[in-house]
Amino acid sequence: MKKLPKDFIFGGATAAYQAEGATQTDGKGRVAWDTYLEENYWYTAEPASDFYNRYPVDLELSEKFGVNGIRISIAWSRIFPTGYGEVNTKGVAFYHNLFKECLKRGVEPFVTLHHFDTPETLHSDGDFLNRQNIEHFVNYAEFCFKEFEEVNYWTTFNEIGPIGDGQYLVGKFPPGIQYDFEKVFQSHHNMMVAHAKAVKLYKEQGYKGEIGVVHALPTKYPFDKK
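The text that follows walks through the structure, step by step, so that each part is easy to find. Keep in mind that this is a model prediction, so the values were computed, not measured. (Residues numbered from 1 in each chain as written. Predicted model: local features only at pLDDT ≥ 70, side-chain atom pairs only at ≥ 80, totals over all residues. Heavy atoms only, no water.)

1. Quick look at the overall build of the protein
- Check the secondary structure of the protein and you find 9 helices and 5 strands.
- Helices (α) and strands (β) of the protein occur, in sequence order from the N terminus, as β-α-α-α-β-α-α-β-α-α-β-α-α-β.
- Radius of gyration (C-alpha) of the protein: 18 Å, near the 17 Å computed for a compact globule of 226 residues.
- Counting over 226 residues, the protein shows a buried share of 46%.
- Within the protein, counting contacts between residues at least 6 apart in sequence, those at least 24 apart form 75% of the total. (Helix = DSSP H or I, 4+ residues; strand = E, 2+ residues; numbered from the N terminus. Rg over C-alpha atoms; globule rule 2.2 N^0.38 Å. Buried < 20%, exposed > 50% of the residue type's maximum accessible area, 1.4 Å probe, protein only. Contact = heavy atoms within 4.5 Å.)

2. Some points on the packing of aromatic side chains
- As enumerated under the stated definition, the model contains 28 aromatic pairs in all.
- With a centroid separation of 6.5 Å and an interplanar angle of 85°, the aromatic rings of F80 and Y140 are classed as edge-to-face. You can see F80 sitting in the loop between α4 (76-79) and α5 (89-104) and its partner Y140 sitting in helix α7 (residues 132-147), a full 60 residues away along the chain. For the pair F80 and Y140, a shared accessibility class is recorded, and that class is buried.
- Measuring from ring centre to ring centre gives 5.4 Å for F128 and F157, while their planes differ by 75°; the resulting arrangement is edge-to-face. Of this pair, F128 sits in the loop between α6 (120-123) and α7 while F157 sits in strand β4 (residues 153-158), and the two are 29 residues apart along the sequence.
- Exposure remark for F128: the relative accessible area of 2% places this residue in the buried category. (Phe/Tyr/Trp six-rings, centres within 6.5 Å; stacked < 30°, edge-to-face > 60°.)

3. Here's the deal with the pairing of β4
- The element β4 is largely enclosed, with a buried count of 5 among its 6 residues.
- Inspection of the sheet shows β4 paired to strand β5 (residues 210-214) by 4 bridges, in the parallel sense. When the bridges of β5 are listed, Y153 appears paired with E210. (Pairing = 2+ DSSP bridges.)

4. With respect to the nonpolar core
- Grouped together as the largest cluster of nonpolar side chains are 54 residues, with contacts concentrated most on I74, Y95, L98, F137, F148 and W154.
- Among all residues touching Y95, those that are not within four sequence positions of it are A16, E20, S73, I74, A75, R78, I79 and F148. (Core = buried A, V, L, I, M, F, W, Y, C linked by side-chain atoms within 4.5 Å.)

5. Considerations on the pattern of salt bridges
- This structure, assessed with the given rule, holds 9 salt bridges.
- With a closest N to O distance of 2.9 Å, E20 and R78 form a salt bridge. Linking E20 in the loop between α1 (16-19) and α2 (32-40) with R78 in helix α4, this pair joins segments that are 58 residues apart in sequence. Of the two residues, E20 and R78, neither departs from the other in class, the shared state being buried.
- Of the charged contacts, one joins E120 and R30 as a salt bridge, the two residues approaching to 3.3 Å between their closest N and O atoms. Taken together, the residues span a long stretch of sequence, with E120 in helix α6 and R30 in the loop between α1 and α2 at a distance of 90 residues.
- A cluster of three or more residues bridged by salt bridges with shared partners is formed by R30, E38 and E120. (Salt bridge = Lys/Arg side-chain N within 4 Å of Asp/Glu carboxyl O.)

What follows is the structure, given as structure tokens:
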């Protein structure tokens, strides 16, 4: 009978805004999705799966069923409510407790820094069309690298392509703009610059873990009227 290698990671995945709930708890700042959902849909991110409060149960189940890795994300606005400036210590404590519980249960955390949830203050100021927000992201990343020594595996962004497409091409992400290709490409470019700067910083400062980016590359075909 064939068996998986001993170092095989059998993992699950989620993201802060999709799972945590607690969107206004313990000093967390707003993200653009909070307003967008309130204005356009009949649901919000409350309580989602209540991961903010129930993560010990989820991780206990992970251990029980042999899930030894979990891809999760840090909510930027739970650390820096406006994207920069004063640190929210309650948010920092939450992630320390979360990572501690992961390791206690033998579940390796694979941590994403940005999973569709730029703080609303920065999003309203152009999100990644504004090059100043590149530096805010890098500063946030630097803080997390230093603070969360429990983490060995980092991802800068989740799916840069769909972020720009959703915001400025299809219009299904806030701010809901359609077919503005200039904004699509500028957003993609600036996020990749932010990714590259964060990776450069991580490597120059000698961290021993691994870092990368998650891309989503859907196949596209030219339109054929025939």
